[in-house]
Amino acid sequence: MIQLESLKDVEPCAPAESACQRCIRPACGATYELTAALQRCERCGALLDVAYDWERLPVPARLELFDERRGNFRNPLDYSGVWRFRELLPFAELDKVLSIGEGQTQLRRTDGVADYVGLKPGGLHLQYEGLNPSGSFKDNGMTGAFTHARMVGAKYAACASTGNTSASLALFAGVSGLLRAVVFVGSGKIAYGKLSQALDYGAATLQIDGDFDDAMRQVQEVCRQTSLYLMNSLNPFRLEGQKAIMYRVLEGLGWEVPDWVVVPGGNLGNSSAFGKAFSELHCLGLIDRIPRVAIINSTGADTLTRLVNDHGLRWNGGDVDDAAIARFYQQMDVEGRRARTIASAIEINRPVNLDKALRTLEVTHGVVRAVPDEAILDAKAQVGAHGYGCEPASGASVAGAKRLVEEGVIDRDARVVCILTGHLLKDPHATVGYHSYEPEKLRTEFAEFKIREARHANRPIPVRDDIDDILRIVREL
Ligand code: F0G
């Protein structure tokens, strides 16, 4: 298991600094100052972490001490569901923090879904990140990245997106007026709810004739050639903000540690942030054990699942088999295999945070699974029927938990938290289709996603504009 103590062996931050950026590969470990705007390690090309010299930073002795900030509406730092944990992401100059009230989300015990998943009453909690201002978990990270962008004086910022990052970036830019947002999306590849947000919030919206991976490749190049600030989860300051999702999970459980956290995997930013959060809390002595993290792909976009479960790829103490990854991607190209899933948020071929997700799997003794789109939509309908609802990608976490219970990997009496990453209204097309298409239409419209049955469809009832007909139907309900 990776202990933060072991990081003491690597290059420390510069003597006067208590925080810096550090290459995640221990063999390199190069450090950079906080105010550098980098995409990757300039020495070896690996991902970067925000690293802290915790001995020089004030850290609360117990997590309970955060309780008194909750509900303080007067101080925006306390009101934010990210910055009220500011001692756990202490990179920010506090007068530069840019918050739009993110992270007012809820952890809810949901017994109806627990039953569906195969867990005992009280065994399942859903973390509703769709309640964020832009309707997805991305706002947790965006406040971190915007704060850093303000620290470095950025005037323009860009991201590639399957729709939620772009919505969040556009919203933060619109509300703050701090910078101009440029978003890169695959043409026809993002759900309408999300596209409507980027347009309405005023972001320059580039519809690339390609998919997310193409947009991701181009945005990195554009940011290299210009002064645009990159807001994708390659940006380590975004992931610092996303750690707060786990702080709120612990808070929601009265600071008890769950047995499992189940999260959908796309570009693998969230899973990376969760591993870092738990690793740090453990090393700081603020939790006594680390929950296991399960990362769930769609079978239509299952790069991580294949690499880990079929090819045995591991973090391996930071000595990742890059050649195996390169061979895998080359094979994908040779076969012309491209990600395709109704969970468009996670329709990604080459997840940029792969290394960090592998590290999370090692730190948390985690697992990876892929679930079919049909199971994702069934699970999503169960969430909708018992809670606030979610978008398809979020349903993957519940479908994944169900699968892991069936496999016996998750015990039936375990305490499990599934992360619902995005709001139901993000993708009405998938939801309305699932509930309203006749079986044959369902199979043709959703053929490419191999969806054959909608087991939990709540069909709309057609009725003539006639009071007797309407009454007959109402009485039969
Ligand atoms: N769920 C939703 C609703 C998402 O929007 C995303 C990612 C994920 C899950 C996967 O999270 O990338 O941290 O593994 N959306 C990105 C975007 C890619 O551009 O909005 P991840």
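Refer to the structure printed above.
This report concerns the structure included in the present document. Treat the numbers as computed from the prediction; the structure is a model and nothing was measured.

## Concerning the pattern of salt bridges
Summed over the entire model, instances satisfying the criterion amount to 39 salt bridges. As a salt-bridge pair, Arg 455 and Glu 453 come within 3.9 Å of each other at their nearest N and O atoms. On the basis of relative accessible area, Arg 455 is assigned to the partly exposed category, the value being 46%. Connected through shared salt-bridge partners, Arg 69, Asp 78, Arg 86 and Glu 87 make up one network.

## What about the packing of helix α9 (residues 303-310) against helix α11 (residues 354-364)?
Where α9 meets α11, the axes come as close as 12 Å, and the angle between the chain directions of the two elements is 50°. Here α11 runs oblique to α9, going by the angle between their axes. Helix-helix and strand crossings are classified by hand; for α9 and α11 the assignment is right-handed. Contacts between α9 and α11 involve Leu 304, Leu 307 and Val 308 from the former and Leu 354, Leu 358 and Leu 361 from the latter. By residue class, the composition of the contact of α9 with α11 is six nonpolar, no polar and no charged.

## Topic: the site of the ligand
Around the ligand, 21 residues are found, and the nearest of them are Ser 161, Gly 266, Asn 267, Leu 268 and Thr 421. Between the ligand and Asn 270 there is a distance of 2.8 Å, counted from an oxygen atom to a backbone nitrogen or oxygen. Compared with its free state, where it exposes 470 Å², the ligand has 99% of that area covered by protein. Of the pockets mapped on this structure, the ligand occupies the largest cavity. Only α4 (164-176) and α8 (269-283) provide two or more residues apiece to the shell around the ligand.

## So, the nonpolar core
If you look at the biggest cluster of nonpolar residues, it comprises 100 residues, and the most contacted ones within it are Phe 91 and Met 231. In terms of residues, this core owes the most to one element, helix α7 (residues 236-252), which gives eight residues. When residues no more than four places from it in sequence are discounted, the contact partners of Met 231 are Met 142, Ala 145, Phe 146, Ala 149, Ala 157, Ala 158, Cys 159, Thr 165, Leu 169, Leu 179 and Arg 238. Ranked by size, the runner-up nonpolar core spans 29 residues in total, among them Val 113, Ile 376, Ala 396 and Ala 399.

## Regarding the sheet that holds strand β4 (residues 106-109)
Pairing in this open sheet of six strands is mixed, and the strands run β4-β5-β13-β10-β11-β12 from one edge to the other. Of all strands in the sheet, those with a lone pairing partner are β4 and β12 (367-371), marking the two edges. The average undirected angle you get between the axes of adjacent strands in this sheet is 25°. The pairing of β4 with strand β5 (residues 124-128) spans four bridges and is classified as antiparallel. Its bridge partner being in β5, Gln 106 is matched across the sheet by Tyr 128. Set on the sheet, α9 makes contact with β11 (292-298) and β12; between it and β12 the angle comes to about 130°.

Definitions and limits used
Residues numbered from 1 in each chain as written. Predicted model: local features only at pLDDT ≥ 70, side-chain atom pairs only at ≥ 80, totals over all residues. Heavy atoms only, no water. Salt bridge = Lys/Arg side-chain N within 4 Å of Asp/Glu carboxyl O. Buried < 20%, exposed > 50% of the residue type's maximum accessible area, 1.4 Å probe, protein only. Axes fitted to C-alpha atoms, helices over the stretch in contact; angles between N-to-C directions. Helix = DSSP H or I, 4+ residues; strand = E, 2+ residues; numbered from the N terminus. Parallel < 35°, antiparallel > 145°, perpendicular 65-115°, else oblique. Left-handed = near helix turned anticlockwise from the far one by under 90°. Contact = heavy atoms within 4.5 Å. Nonpolar A, V, L, I, M, F, W, Y, C, P; charged D, E, K, R; others polar. Near = heavy atom within 4 Å. Polar contact = N/O pair within 3.5 Å; in protein donor to acceptor, adjacent residues only side chain to side chain. Areas by Shrake-Rupley, 256 points an atom, 1.4 Å probe, with all protein chains shown as cover. 1 Å grid on protein atoms, 1.4 Å probe; cavity = no way out; pocket = protein on both sides within 12 Å on 5 of 7 lines; lining within 4 Å. Sits in = over half its atoms within 2 Å of the grid points. Core = buried A, V, L, I, M, F, W, Y, C linked by side-chain atoms within 4.5 Å. Pairing = 2+ DSSP bridges.

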